[in-house]
Amino acid sequence: MEREENLELLLTHYTELAPLRAELYRALEVLRSAFSAGGKLLVGGNGGSAADSEHMVGELMKSFAFRRSIPTAVRETLSAQGERGARVAAMLEGALPAIAITGHDALQSAFGNDGDWKFAMAQQVYGYGRAGDVLLAISTSGNSENVLNAAETARALGLKVIALTGKTGGALAKIADVALIVPRQETYRIQELHLPIYHALCLALETAFFGEDANK
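Definitions and limits used
- Residues numbered from 1 in each chain as written.
- Predicted model: local features only at pLDDT ≥ 70, side-chain atom pairs only at ≥ 80, totals over all residues.
- Heavy atoms only, no water.
- Buried < 20%, exposed > 50% of the residue type's maximum accessible area, 1.4 Å probe, protein only.
- Helix = DSSP H or I, 4+ residues; strand = E, 2+ residues; numbered from the N terminus.
- Pairing = 2+ DSSP bridges.
- Right-handed = clockwise from strand over helix to strand, strands pointing away.
- Phe/Tyr/Trp six-rings, centres within 6.5 Å; stacked < 30°, edge-to-face > 60°.
- Salt bridge = Lys/Arg side-chain N within 4 Å of Asp/Glu carboxyl O.
- Axes fitted to C-alpha atoms, helices over the stretch in contact; angles between N-to-C directions.
- Contact = heavy atoms within 4.5 Å.
- Parallel < 35°, antiparallel > 145°, perpendicular 65-115°, else oblique.
- Left-handed = near helix turned anticlockwise from the far one by under 90°.
- Nonpolar A, V, L, I, M, F, W, Y, C, P; charged D, E, K, R; others polar.

## Some points on the pairing of strand β4 (residues 160-165)
Then, in step 1: Burial runs high along β4: five of the six residues are buried.
Then, in step 2: Across five bridges, the pairing between strand β3 (residues 134-138) and β4 is parallel. Paired with leucine 135 across the bridge in β4 is valine 161.
Then, in step 3: Where the polypeptide runs from β3 across helix α8 (residues 145-157) and back to β4, its parallel neighbour, the crossover connection is right-handed.
Then, in step 4: Relative to strand β5 (residues 178-181), β4 runs parallel, the two sharing four bridges.

Structural data, given as structure tokens:
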């Protein structure tokens, strides 16, 4: 297993996560493989985990720890389109495609009104997901019905499922390809460890795709 500096720093700062080392590296490899093949990440959870989903997408879709350049060909094509194109080229940043399946209020409320809100995330996975993509399913208990429905849909479509959870991992950990079960019981304390985990994964991905070596 090749050493990844951001994951190792995470494990140094949060020693209670040491038992998750192998799963963290597996999660990184699943994500890295998906993005390398042109896939995307879908992320979903409830409450604070919904906020974490949006947070993670924000770190992936734009520069996080350092500036990300867009490909030269795209920059030159935009610049050739005139002054506005040149301004756009100067502002765009490299992105790792990620979608939070927690938003889209019109869709969520329509699905809840016409059917059952517990399947709204599953509907988004069905609409957005393609084989080779990844679903990061966040549930502190591992038993959130809407998250489980999304995970089952992802499996059926050929997506990899990464569970970010706590306690025993619940039903979600049992169906996930990778289960990151933090060793805490209270919801807020589980969430306290979820943030540094997904930050470390985002940093590792940014380094892999936009670091100095990646741009050579």
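## Things to note about the packing of aromatic side chains
The relative placement of two aromatic rings is captured by the distance of their centres and the angle of their planes.
Then, in step 1: The tally for this structure, following the rule as stated, stands at one aromatic pair.
Then, in step 2: Ring centres 6.2 Å apart and planes at 90° place the aromatic pair phenylalanine 35 and phenylalanine 209 in the edge-to-face group. Here phenylalanine 209 lies in helix α10 (residues 187-210) and phenylalanine 35 lies in helix α2 (residues 21-36), a separation of 174 residues in the sequence.

## Focus on the pattern of salt bridges
Then, in step 1: Across all of its chains, the model carries twelve salt bridges by this definition.
Then, in step 2: Between arginine 184 and glutamate 16 there is a salt bridge, with its nearest N and O atoms 2.9 Å apart. Here the residue arginine 184 occupies a position in the loop between β5 and α10, and glutamate 16 occupies one in the loop between α1 (5-13) and α2, the gap between them amounting to 168 residues.
Then, in step 3: For arginine 184, a relative accessible area of 10% puts it in the buried group.
Then, in step 4: As a salt-bridge pair, glutamate 29 and arginine 32 come within 3.2 Å of each other at their nearest N and O atoms.

## Side note on the sheet that holds strand β1 (residues 41-44)
Then, in step 1: Read across the open sheet, the five strands follow the order β2-β1-β3-β4-β5; overall the sheet is parallel. Here the strands that pair on one side only, and so sit at the sheet edges, are β2 (98-100) and β5. Across this sheet, the average inter-strand angle for adjacent strands is 15°, counted without regard to direction.
Then, in step 2: Against the sheet, helix α3 (residues 48-61) makes contact with β1, β2 and β3, and its axis sits at roughly 160° relative to β2, the strand it touches most.

## Focus on the pairing of β3
Then, in step 1: Among the five residues of β3, five are classified as buried, and the element is accordingly described as predominantly covered.
Then, in step 2: Here four bridges tie β1 to β3, and the two strands are oriented parallel to one another. Paired with leucine 42 across the two strands is leucine 135, which belongs to β3.

## As for the packing of α2 against α10
Then, in step 1: Two numbers describe how α2 lies on α10: the axes approach to 10 Å, and their chain directions differ by 45°. Of the possible angle classes, the one that applies to α2 and α10 is oblique. Handedness of the crossing formed by α2 with α10: right-handed. Only Ile197, Leu201, Ala204, Leu205, Ala208 and Phe209 of α10 make contact with α2, whose side of the interface consists of Leu24, Leu28, Leu31, Arg32, Phe35 and Ser36.
Then, in step 2: A per-class count over the contact of α2 with α10 returns ten nonpolar, one polar and one charged.

## Side note on the packing of helix α7 (residues 120-128) against α8
Then, in step 1: Running from N to C, α7 and α8 cross one another at 20°; their axes reach a closest spacing of 7 Å. Between α7 and α8, the crossing angle belongs to the class labelled roughly parallel. When you trace α7 past α8, the crossing you get is right-handed. Across the interface between the two elements, Met121, Ala122, Val125 and Tyr126 from α7 touch Asn146, Val147, Asn149, Ala150, Thr153, Ala154 and Leu157 from α8.
Then, in step 2: Class assignment for the residues of the contact of α7 with α8 results in eight nonpolar, three polar and no charged.

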